[in-house]
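# Observations on chain architecture
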Amino acid sequence: MRKKISNHFPTIVSDNYAGGRLGAEQLHKRGAKKLLFVSKAPIKDVSERRRQGFIDYCQENNLRYDIMLAEDKRYFSSDYDHFIDNHLINGKFQFDGVFSDTDEYASDFWHLLVKHQVLVPKDVQIIGFDAAKIYPRQPIFLSAIRQSTEKMAEIAVQKLLTQFKSEKIDKDNLITILPVSYTQGITTKS
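Residues numbered from 1 in each chain as written. Predicted model: local features only at pLDDT ≥ 70, side-chain atom pairs only at ≥ 80, totals over all residues. Heavy atoms only, no water.

The subject of this paragraph is the overall build of the protein. Across its full length, the protein carries five helices and ten strands. Along the longest, intermediate and shortest principal axes, the C-alpha atoms of the protein span 65 × 35 × 35 Å. Expressed as a percentage of the 190 residues in the protein, the buried residues total 44%. Total accessible area on the protein is roughly 10900 Å²; 52% of this is exposed by carbon and sulfur atoms. The distance from the centre of the 28 positive side-chain charges to the centre of the 24 negative ones in the protein is 3 Å. (Helix = DSSP H or I, 4+ residues; strand = E, 2+ residues; numbered from the N terminus. Buried < 20%, exposed > 50% of the residue type's maximum accessible area, 1.4 Å probe, protein only. Areas by Shrake-Rupley, 256 points an atom, 1.4 Å probe, with all protein chains shown as cover. Lys, Arg positive; Asp, Glu negative; His and termini not counted. Charge placed at Lys NZ, Arg CZ, Asp CG, Glu CD.)

Shown next, in the form of structure tokens:
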């Protein structure tokens, strides 16, 4: 179920559920067999859709998976660090594919794996969600599920202009769901 924000404003969102499925699928296609979903508690709204898509793909394809949620605290990445430390056996991390509902958490996890001398993507592949860039020429480092923010903005402006021209609001078409795509970075195998 998608939450309608208002009966007066159009909402444009990415297909977060499909994004979670795509993250798990891309790890699976690249040979990962034991997957991990990484985030921070509490999981809600779009993050819940992403997590559910990930879980459903794993279950439908008989993939082993686990969920790691850091506590909602200022230095939550210490929870990731402890988790990694507790899941290393002879220097080998017990998961070979990691998907996170944000680039931020995926990046944090990546750096902590490297700190523990786990090789990414050779031993563990990582996919985030957003494929965000700070500046236009920035190369993509983190493999990620990409939201088309340009398309979101374009449709939002179109819908608002249409709404300004008409006093009647089409309440059945307030929510637009856009497809997502996979962007290859250096944290997954080609």
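Still more to cover.
Burial along strand S6 (residues 97–100) is two-sided: Gly97 and Phe99 facing one way and Val98 and Ser100 facing the other are all buried. Of the strand pairs in this sheet, S6 and strand S7 (residues 125–130) are connected by three bridges, and their pairing is parallel. Residue Gly97 lies in a different strand from S7, and its bridge partner there is Gln125. Handedness of the S6-helix H4 (residues 103–115)-S7 crossover: right-handed. (Pairing = 2+ DSSP bridges. Right-handed = clockwise from strand over helix to strand, strands pointing away.)

One ladder, built from seven bridges, connects strand S2 (residues 34–40) with strand S3 (residues 64–70); its direction is parallel. Bridge pairing links Leu36 to Asp66 in S3. For the handedness criterion, the β-α-β arrangement of S2, helix H2 (residues 45–60) and S3 is classed as right-handed.

The next subject is the packing of helix H1 (residues 16–29) against H2. Interhelical geometry of H1 versus H2 gives an angle of 40° and a closest axis separation of 6 Å. Comparing their axes, H2 and H1 come out oblique. Where H1 crosses over H2, the two elements pack in a sense that is right-handed. Residues Asn16, Tyr17, Gly20, Arg21, Ala24, Glu25 and His28 of H1 pack against Val46, Arg49, Arg50, Gln52, Gly53, Phe54, Asp56, Tyr57, Cys58 and Glu60 of H2. (Axes fitted to C-alpha atoms, helices over the stretch in contact; angles between N-to-C directions. Parallel < 35°, antiparallel > 145°, perpendicular 65-115°, else oblique. Left-handed = near helix turned anticlockwise from the far one by under 90°. Contact = heavy atoms within 4.5 Å.)

This part takes up the packing of aromatic side chains. Counted according to the given criterion, the structure contains twelve aromatic pairs. With a centroid separation of 6.0 Å and 50° between ring planes, the pair formed by Phe37 and Phe99 is classed as tilted. In this pair, Phe37 sits in strand S2 while Phe99 sits in strand S6, placing the two residues 62 residues apart along the sequence. We note that Phe37, like Phe99, is buried. Over the ring of Phe95 we find Lys34, and its NZ or CZ is 4.8 Å from the ring centre. Sitting over the face of the ring of Phe129, Arg50 holds its NZ or CZ atom 3.5 Å from the ring centroid. (Phe/Tyr/Trp six-rings, centres within 6.5 Å; stacked < 30°, edge-to-face > 60°. Lys NZ or Arg CZ within 6 Å of the ring centre and 35° of its normal.)

Another aspect to go through is helix H3 (residues 77–86). Residues of H3 that are buried include every one of Asp79, Tyr80, Asp81, Phe83 and Ile84, and no others. Looking at the buried side of H3, the elements it contacts are S2, S3, strand S4 (88–89), strand S5 (92–93) and H4.

With that settled, consider the side chain of Asn16. Locating Asn16 in the fold gives a position in helix H1. The buried category is assigned to Asn16, whose relative accessible area is 7%. A polar atom in the side chain of Asn16 sits 2.8 Å from the side chain of Arg50. Ignoring any residue separated from it by four or fewer positions in sequence, one finds Asn16 in contact with Val46, Arg49, Arg50 and Phe129. (Polar contact = N/O pair within 3.5 Å; in protein donor to acceptor, adjacent residues only side chain to side chain.)

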